[in-house]
Amino acid sequence: MKTVFSAGQLAHDPKQEISDGMLKPAVEIPSRAEMVREAVLARRLGELLEPDDFGMEPLARVHDADYLAFLESFWTRWTTAGRSGEAFPFVWPVRGLNIDPVPDHIDGLLGRYSFDAGTPLGEHTFAAARASANSALTGARLVAGGERAAFALCRPPGHHAAADYYGGYCFLNNAAIAAQWLRDAGAERVAVLDVDYHHGNGTQSIFYERSDVMFLSIHADPREEYPYFLGHAAETGAGKGEGFTANYPLELGADWDVWSQALAASLDRIAAFRADTLVVSLGLDAYEKDPISRFRLVHEDFTRMGAALAAAGLPTLFVMEGGYAVDALGTNCVNVLEGFEAV
């Protein structure tokens, strides 16, 4: 299986985040991708490729133009305002406040285009996020070109980013950008299966009213876990998209026996949908020792996961999302990919 990765993705190098009401060391750090890359090479998964630059057009197929302009111009605006270091928003247009007109001040813009305070923006964030999206797009092109599967080693991750806001360490929605590119390249139906511990709220919101891209997510119950305000079982799509979203929120502490039942149900839905291509938002934070998650999957379960995904019999693009047990991340990630390859 070919892996796509750019060293440019490491340029986003946050030092701190706001978590549990405190300023803490950042957990979405460059070493996450470096550990996975090392495991891919050490276990000889396959060729490691540099992504091509697809330009802005595929990003604009998913993200609003004003949001992309904000990300691209952020650092200039931030420094022009006399600021330095990493940026965090602190005010949001919640119930009773107006989104429009869009603020001119950088603090208002940060609140307008974010949904949490735990995702730092820095000088190189947008360049790294673009490189990450290009990895997903290059992987999508490999699959569309006949590869059985490809792995986009994306970092920063993407599944929490919506059409016009960032959060959850995510800025550009790599999986959604890849899925849209596959549709534009000729796939009639694309399924996006999110196996991250946290619900892929951004991906769901992007495709919620569409019937050509099915979104499915297996995740911790949002009544107890981030992102809290999306990911309930009753959310099944709207308008033309009614019935094309499926959420499987699980209780904290879920192990493979519980988790795999949701996976089997997801794969049944994908088969009934008759998807042409499968995009897997490959979060590895369901691992029992992940520092910010509370599921109980073990190393061997990720191999089982890969085998189950292969049994779907679809051209498959794996797009890396979360996973913060850095020392185990490479092992768990490549276990999924090797499990897939073995079937």
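Residues numbered from 1 in each chain as written. Predicted model: local features only at pLDDT ≥ 70, side-chain atom pairs only at ≥ 80, totals over all residues. Heavy atoms only, no water.

A. Main features of the layout of surface pockets. Considering only enclosed or pocket space, the largest pocket measures out at about 1200 Å³ in volume. Taken together, 37 residues make up the lining of the largest pocket; nearest its centre are Phe115, Asp116, Tyr226, Pro227 and Tyr228. When residues in the lining of the largest pocket are grouped by element, the largest group, three residues, is from strand β2 (residues 16-19). Classifying every residue of the lining of the largest pocket by side-chain character gives 17 nonpolar, 10 polar and 10 charged. (1 Å grid on protein atoms, 1.4 Å probe; cavity = no way out; pocket = protein on both sides within 12 Å on 5 of 7 lines; lining within 4 Å. Points joined across faces, edges and corners; volume = space filled by probe spheres on them. Helix = DSSP H or I, 4+ residues; strand = E, 2+ residues; numbered from the N terminus. Nonpolar A, V, L, I, M, F, W, Y, C, P; charged D, E, K, R; others polar.)

B. Structural view of empty space enclosed by the protein. In total, this model carries two cavities of 30 Å³ or more according to the counting rule given. By volume, the largest cavity amounts to about 40 Å³. Taken together, His12, Pro14, Glu17, Ala26, Glu28, Thr119, Pro120, Tyr169 and Phe171 form the lining of the largest cavity. For the lining of the largest cavity, the per-class residue count stands at five nonpolar, two polar and two charged.

C. The arrangement of the environment of Ala246 in detail. Along the polypeptide, Ala246 turns up in strand β8 (residues 245-250). The spatial distance from the C-alpha of Ala246 to the C-alpha of Gln204 is 9.3 Å, given a sequence separation of 42 residues. Setting aside residues up to four positions removed in sequence, Ala246 forms contacts with Phe215, Leu216, Ser217 and Arg269. (Contact = heavy atoms within 4.5 Å.)

D. How the structure looks around the pairing of β2. In the sheet, β2 pairs with strand β3 (residues 22-25) via four bridges, with the strands oriented antiparallel. From the neighbouring strand, Gln16 faces β3, where its bridge partner is Pro25. (Pairing = 2+ DSSP bridges.)

E. The arrangement of the sheet that holds strand β7 (residues 213-220) in detail. With respect to topology, eight strands assemble into an open sheet ordered β4-β1-β5-β10-β9-β6-β7-β8, the strand pairing being parallel. Two strands bound the open sheet, and with one partner strand each, they are β4 (48-49) and β8. Each of β5 (149-152), β9 (277-282) and β10 (316-320) is contacted by helix α10 (residues 326-341), which is oriented at about 175° to β10, the strand it contacts most. (Axes fitted to C-alpha atoms, helices over the stretch in contact; angles between N-to-C directions.)

F. The pairing of β5, seen in detail. Of the two faces of β5, the one holding Ala149 and Phe151 and the one holding Ala150 and Ala152 are both buried throughout. Sheet topology note: the strand β1 (residues 2-4)/β5 ladder contains three bridges and is parallel. The residue of β5 that forms the bridge with Lys2 is Ala150. Note: β5 against β10, four bridges, orientation parallel. If you follow Ala152 over to β10, its bridge partner there is Val319. (Buried < 20%, exposed > 50% of the residue type's maximum accessible area, 1.4 Å probe, protein only.)

G. Spotlight on the UniProt feature "domain: Histone deacetylase" (unreviewed entry) in the protein chain. Feature annotation in UniProt assigns "domain: Histone deacetylase" (unreviewed entry) to the following positions: residues 28-337. Secondary structure content for residues 28-337 is 39% helix and 12% strand, while the C-alpha to C-alpha distance between its ends is 22 Å. (UniProt positions renumbered as here; feature names shortened; annotations may be inferred.)

H. Just the packing of helix α1 (residues 30-42) against α10, in detail. At a minimum axis distance of 8 Å, the contact between α1 and α10 shows a crossing angle of 45°. When the interaxial angle is binned, α1 and α10 end up oblique. For α1 against α10, the interelement crossing comes out right-handed. Residues Ser31, Arg32, Met35, Val36, Ala39 and Val40 of α1 form the contact with α10, whose own contacting residues are Val326, Asp327, Leu329, Gly330, Thr331, Cys333 and Val334. Here the residues of the contact of α1 with α10 are counted per class, giving eight nonpolar, three polar and two charged. (Parallel < 35°, antiparallel > 145°, perpendicular 65-115°, else oblique. Left-handed = near helix turned anticlockwise from the far one by under 90°.)

I. Structural context of the side chain of Asn335. Its place among the elements puts Asn335 in helix α10. We classify Asn335 as buried; its relative accessible area is 10%. Here Arg43 takes part through its side chain, which lies 2.7 Å from a polar atom of the side chain of Asn335. Each residue touching Asn335, except ones within four places of it in the same chain, is listed here: Arg43, His299, Phe302 and Thr303. (Polar contact = N/O pair within 3.5 Å; in protein donor to acceptor, adjacent residues only side chain to side chain.)

J. Layout of the pattern of salt bridges. Per the counting criterion, the structure on display carries 17 salt bridges. The residue Arg189 makes a salt bridge to Glu188 at a minimum N-O spacing of 3.5 Å. The residue Arg296 makes a salt bridge to Asp255 at a minimum N-O spacing of 3.8 Å. Here Asp255 lies in the loop between β8 and α8 (256-273) and Arg296 lies in the loop between β9 and α9 (299-310), a separation of 41 residues in the sequence. Relative accessible area serves as the criterion here: at 23%, Asp255 is assigned to the partly exposed category. Taken together, the shared-partner salt bridges connect Glu28, Arg32 and Arg155 into one network. (Salt bridge = Lys/Arg side-chain N within 4 Å of Asp/Glu carboxyl O.)

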